[in-house]
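Listed below, chain by chain, are the residues.
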Protein chains: 2
Amino acid sequence: MSRLALADLSAAVLDPRLGSMTFLNEITARYPGAISFGPGAPHDEAFEAVDPARLMAVFERHLAGRGLEPGQIRRRLLQYGPTRGLLGEMIAASLRTDEAITVDPDQVVVTVGAQEALVAVLRVLHDPARGDVVAVTDPGYAGAHGAARILGLEMVGVPDDGRGPHAAALRTVVTAAERIGRRVRSLVVAPDFANPTGAEMSLAARLELLAEAERLGVLLLEDTTYRFTAPPGAEIASLKALDRTQQVVQIGTFAKIGVPGARLGYVVADQSTDAGTALADHVTTVKGVLTVNTSPIAQAVIGGLLLEHGGSMRRLGDRRAGLYRRNLRVLLEALRRHLGDPHGEDVSWNEPAGGFFVRMSVNKPADEKLLRRSAEDFGVLWTPMRYFSLGDGGNRQLRLACSSLDPEQIDEGVSRLAKVVRD
Amino acid sequence: MSRLALADLSAAVLDPRLGSMTFLNEITARYPGAISFGPGAPHDEAFEAVDPARLMAVFERHLAGRGLEPGQIRRRLLQYGPTRGLLGEMIAASLRTDEAITVDPDQVVVTVGAQEALVAVLRVLHDPARGDVVAVTDPGYAGAHGAARILGLEMVGVPDDGRGPHAAALRTVVTAAERIGRRVRSLVVAPDFANPTGAEMSLAARLELLAEAERLGVLLLEDTTYRFTAPPGAEIASLKALDRTQQVVQIGTFAKIGVPGARLGYVVADQSTDAGTALADHVTTVKGVLTVNTSPIAQAVIGGLLLEHGGSMRRLGDRRAGLYRRNLRVLLEALRRHLGDPHGEDVSWNEPAGGFFVRMSVNKPADEKLLRRSAEDFGVLWTPMRYFSLGDGGNRQLRLACSSLDPEQIDEGVSRLAKVVRD
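No experiment lies behind these values; they were computed from the predicted model shown. (Residues numbered from 1 in each chain as written. Chains lettered and ligands numbered in written order. Predicted model: local features only at pLDDT ≥ 70, side-chain atom pairs only at ≥ 80, totals over all residues. Heavy atoms only, no water.)

Let's shift gears to unusual backbone geometry. At the junction of Asp138 of chain B and Pro139 of chain B, the peptide bond is cis and its omega measures out at 0° in the coordinates. On the secondary structure map, Pro139 of chain B appears in the loop between strand S3 (132-138) and helix H7 (142-150). For the peptide bond that leads from Asn195 of chain B to Pro196 of chain B, omega is 15°, which places it in the cis range. Its place among the elements puts Pro196 of chain B in the loop between strand S5 (183-189) and helix H9 (203-216). Backbone geometry places Gln246 of chain A, a non-glycine residue, at a positive phi of 50°. (Helix = DSSP H or I, 4+ residues; strand = E, 2+ residues; numbered from the N terminus.)

A separate point is helix H12 (residues 296-307) of chain B. All names here are of chain B. For H12, spanning 12 residues, the distance from its first C-alpha to its last is 16 Å, which sits close to the expected 16 Å at 1.5 Å a residue. Taking burial as the measure, the 12 residues of H12 include 11 buried ones, the bulk of the element. By the burial criterion, the buried members of H12 are Pro296, Ile297, Ala298, Gln299, Ala300, Val301, Ile302, Gly303, Gly304, Leu305 and Leu306. At the N-terminal end of H12, a side-chain oxygen is found 3.2 Å from the backbone nitrogen of Ile297, two or three residues along, and the residue is Ser295. (Expected span 1.5 Å × (residues − 1). Buried < 20%, exposed > 50% of the residue type's maximum accessible area, 1.4 Å probe, protein only. Polar contact = N/O pair within 3.5 Å; in protein donor to acceptor, adjacent residues only side chain to side chain.)

For the pair chain B and chain A, the superposition axis carries a translation of 0.0 Å, the fit reaches an RMSD of 0.0 Å, and the rotation angle comes to 180°. The two molecules are tied by a two-fold rotation axis, judged by turn and shift. Every residue of chain B has its C-alpha some distance from the rotation axis, and the shortest such distance is that of Ala53 of chain B, at 2.4 Å. (Least-squares fit on C-alpha atoms with pLDDT ≥ 70 in both.)

Now for the packing of helix H14 (residues 368-378) of chain B against helix H15 (residues 407-422) of chain B. Angle between the axes and distance between the axes: these two values describe a pair of packed helices. Residue and element names in this part refer to chain B. Interaxial distance between H14 and H15 falls to 10 Å at its minimum, and their mutual angle equals 125°. Regarding the angle of H14 to H15, the classification is oblique. As H14 packs across H15, the resulting crossing turns out to be right-handed. Across from Leu370, Ser374 and Phe378 in H14, the residues of H15 making contact are Arg416, Lys419 and Val420. Its residues assigned to classes, the contact of H14 with H15 shows 3 nonpolar, 1 polar and 2 charged. (Axes fitted to C-alpha atoms, helices over the stretch in contact; angles between N-to-C directions. Parallel < 35°, antiparallel > 145°, perpendicular 65-115°, else oblique. Left-handed = near helix turned anticlockwise from the far one by under 90°. Contact = heavy atoms within 4.5 Å. Nonpolar A, V, L, I, M, F, W, Y, C, P; charged D, E, K, R; others polar.)

A few words now on the sheet that holds strand S2 (residues 108-111) of chain A. Residues and elements named next belong to chain A. The strand order across the open sheet built from 7 strands is S2-S8-S7-S6-S5-S3-S4, with neighbouring strands paired in mixed fashion. Sheet topology places S2 and strand S4 (154-159) at the edges, where each strand pairs with a single neighbour. Going across the sheet, the axis of each strand differs from the next one's by a mean of 25°, ignoring polarity. As paired strands, S2 and strand S8 (residues 265-268) are joined by 4 bridges and run antiparallel to one another. By the bridge assignment for S8, Val109 is matched with Val267. Contacts from helix H4 (residues 88-99) reach S2, strand S7 (248-253) and S8 within the one sheet, and its direction differs from that of S2 by about 115°. Across the sheet, helix H7 (residues 167-179) touches strand S3 (132-138), S4 and strand S5 (183-189), and the angle it forms with S4 is around 150°. (Pairing = 2+ DSSP bridges.)

This part is about empty space enclosed by the protein. A water-sized probe rolled over the atoms picks out the places where empty space is left. Residue and element names in this part refer to chain A. Across all of its chains, the model carries 10 cavities of 30 Å³ or more by this definition. Quantified by volume, the second largest cavity comes out at close to 120 Å³. Lining the second largest cavity we find 17 residues, and of these Thr137, Tyr141, Val188, Val189 and Ala190 sit closest to its centre. Taken together, the elements giving at least two residues each to the lining of the second largest cavity come down to S3, helix H6 (142-150) and S5. (1 Å grid on protein atoms, 1.4 Å probe; cavity = no way out; pocket = protein on both sides within 12 Å on 5 of 7 lines; lining within 4 Å. Points joined across faces, edges and corners; volume = space filled by probe spheres on them.)

With that settled, consider the sheet that holds strand S2 (residues 108-111) of chain B. The strands making up a sheet are joined through hydrogen bonds of the backbone, oriented either antiparallel or parallel. All names here are of chain B. Spatially, S2-S8-S7-S6-S5-S3-S4 is the arrangement adopted by the 7 strands of the open sheet, whose pairing is mixed. Since the sheet does not close on itself, it has two edges, and those belong to S2 and strand S4 (154-159), each with one partner. On average, each strand axis in the sheet is inclined to that of its neighbour by 25°, with strand direction left out of account. Where S3 meets S5, 5 bridges bridge the pair, whose relative direction is parallel.

When the UniProt feature table is mapped onto this chain, "domain: Aminotransferase class I/classII large" (unreviewed entry) is found at residues 75-417 of chain A. Annotated as 42% helix and 16% strand, the span residues 75-417 of chain A places its first and last C-alpha atoms 52 Å apart. (UniProt positions renumbered as here; feature names shortened; annotations may be inferred.)

All names here are of chain B. Tracing the backbone shows His43 in the loop between strand S1 (35-36) and helix H3 (52-65). Exposure remark for His43: the relative accessible area of 5% places this residue in the buried category. In sequence terms His43 and Phe59 are 16 residues apart; their C-alpha atoms lie 25 Å from each other. Setting aside anything within four residues of it in sequence, one finds His43 in contact with Leu323, Tyr324, Asn327, Ser403, Ser404, Leu405 and Asp406. Of note is the side chain of His43, whose polar atom sits 2.7 Å from the side chain of Asp406.

Our next topic: the domain arrangement of chain A. Residue and element names in this part refer to chain A. By the assigned domains, chain A splits into domain 1 (6-46 + 317-422) and domain 2 (54-314). Its C-alpha centre places domain 1 at a distance of 25 Å from the equivalent point of domain 2. In this complex, domain 1 contributes 30 residues to the contact, which on the side of domain 2 involves 38 residues. Taking both partners together, domain 1 and domain 2 bury about 2,700 Å²; carbon and sulfur atoms supply 61% of that area. For domain 1, the biggest contributors to the area lost against domain 2 are Arg359, Phe388 and Leu390; these three give 22% of the whole. Here domain 1 and domain 2 share 1 salt bridge between them. Residues Arg149 and Asp15 are paired through a salt bridge, measuring 3.1 Å at the closest nitrogen-oxygen approach. Linking domain 1 with domain 2 are 14 residue pairs in polar contact (both at pLDDT 80 or more), by the criterion used here. Of the residues in the side of domain 1 that touches domain 2, the class split is 14 nonpolar, 8 polar and 8 charged. (Domains from an automatic or database assignment. Buried area = accessible area lost by both parts, 1.4 Å probe. Salt bridge = Lys/Arg side-chain N within 4 Å of Asp/Glu carboxyl O.)

In structure tokens form, the structure reads like this:
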């Protein structure tokens, strides 16, 4: 053969929205002069105290303290390791102390970021051949949509109106799916300052969603990525902490509270089956087929980081949360200063209490054409909400991410954005 | 819900053979006193000179030498990175020098081990909804079979009779599939000392397979994991080096020539489509949905290891190959000493020139029952060939791996194995 036919590749892979995460990571490089509200990446300042070599040494000392010989420690870091990972105990202990979530260490599966966790959990729970579909928030995290797409899973959208997915909306979607012989097995939901809308679910909404999910037999796949940015004292219990019926599988990541470069996430699954098998074991099996095991070198770096913060993910996150809350405050103030009323007719936006993101509505298509003009003529970047939508929704909306910028950049960026919006 | 129904999980995930890799990694722990010919893991000695912290520093100096500032270097290692990875240039340069393979750096995609590479490439090339099937060697690498299973891909087996898959056998399989409306898009093949059979394909067999694959329109997904163990001077050109028509996608790993703990592999894909898109870009997109990007910390460790070996994967592999060739020699000598003729009627085995594995046939079912008795009563472990077979084949065969053992263990292990075989 001289050439492959594009049409011969997997249809799932040719979906243009599949590349949106890559696009988000790479667009900034294409416009180096522009201020980018695009990527939801952590701020570089968050890495200043992170020295992987030192953190590995901390973790190695921890292993030595537990009686491992130098040769065993070397093997622990360099040899193949358990598919389930090395940090289950630490993560379970942190969840117990920080979040009042009680799970066994072997109900925790360490993964290559939250992304692999999503792929593995969706794969275990859904059989496309049987008509299983997955519910996702719409708009919602592009990585969840992408995971469903490459697994050949049909998605149904539960609207996020700015306060997360409602219990009633889930019921509507599940009922509609049942009418055409489909079964909704799970809903991917980020109750804390969701990407891309910034929505935070109230305690009441969480409890209603949990109760409805139980009635409907739908598992909730809770993504806690931005949870650590909640204002101190105003944290709302996570779905998993409220869960009394094993309705929730929790997915977490160290990308934002630690460093993205470790590519470390985890699944908390305390469910068991009627055959006595553990959901965590099934997730582990699939994780093993995806990547064998998570790099123990990367796990050692994160293990060291946890140890330096008393083993607490919350304490680790707290160290960084202030920076993100400051950025969000600066963004929201700048928007009011440059664009006036957040509930305006031509332009409006939400004002989340935490997270990395603000959702904005404008009075023109917020598409790639506008984005290109925005970058070239005005020197500012953002992400079309379209990238996070299942269908044709969100065409006049955009996502603003403020996590990786400095206050002056945010202010200048918003003044440029105001020109784009009013252009 | 109180419990999930096992039957409600994805059928693909419940396939008992899906867990065989996990089993291989964990069985040794269950019988600590037994000598294990089970896991094909690298020898611990291979890690003695490997210090991740030093190797990261080597890589960081390399980046500094290319003009990066300390802040940029820190971000390179800790921030999100390009989905394609950081080592494309180094890997392409090494393939050119070591293997006479000429590809562009952006035709190389760094992955979380060869395993993720397999999943991503299979996902891009096959659409199960369209009746695409994947050909695999039977018996063959359990990770390839597992990848096909979790992707919902049907497999057809091409027999490995000890000299790899024949061109004629591939043709038979492709023709049979076409008769029932299925299309074989690719064949996963390890020409150099395949796992689990130890088979090495001759140059003639490689050229025939390449020519036949071109005629049939089948891509060859070449796995080069054990290539580095070929006796010096007796290396046979890789399929990719012989490839003149972009028929071969090559998949490699640093797990055996470097360290498994980095979980680093790569795909070499120089194919383009009739629409002008690059196969490597499609693989990158899927890789991004699986794991976003490969840990740059892990990439820095392997980058440093490569730099310490003049940027040459071959030189890196050479450092370790002697140990594995010695182990294989010891294993083959011990087998002759304890069991006599390798072509015996009751027991027989092949005698590969390289690799980690020997295939043995015995005159009784080599199943889990025998394995348990072998561990408990005789103190020796091995892997049933059944784990690597698609159907019911290989029931009286087993795989012996010698890579992680010391010579005395190998000899003692074979003397125990002889008792199991003759029991």
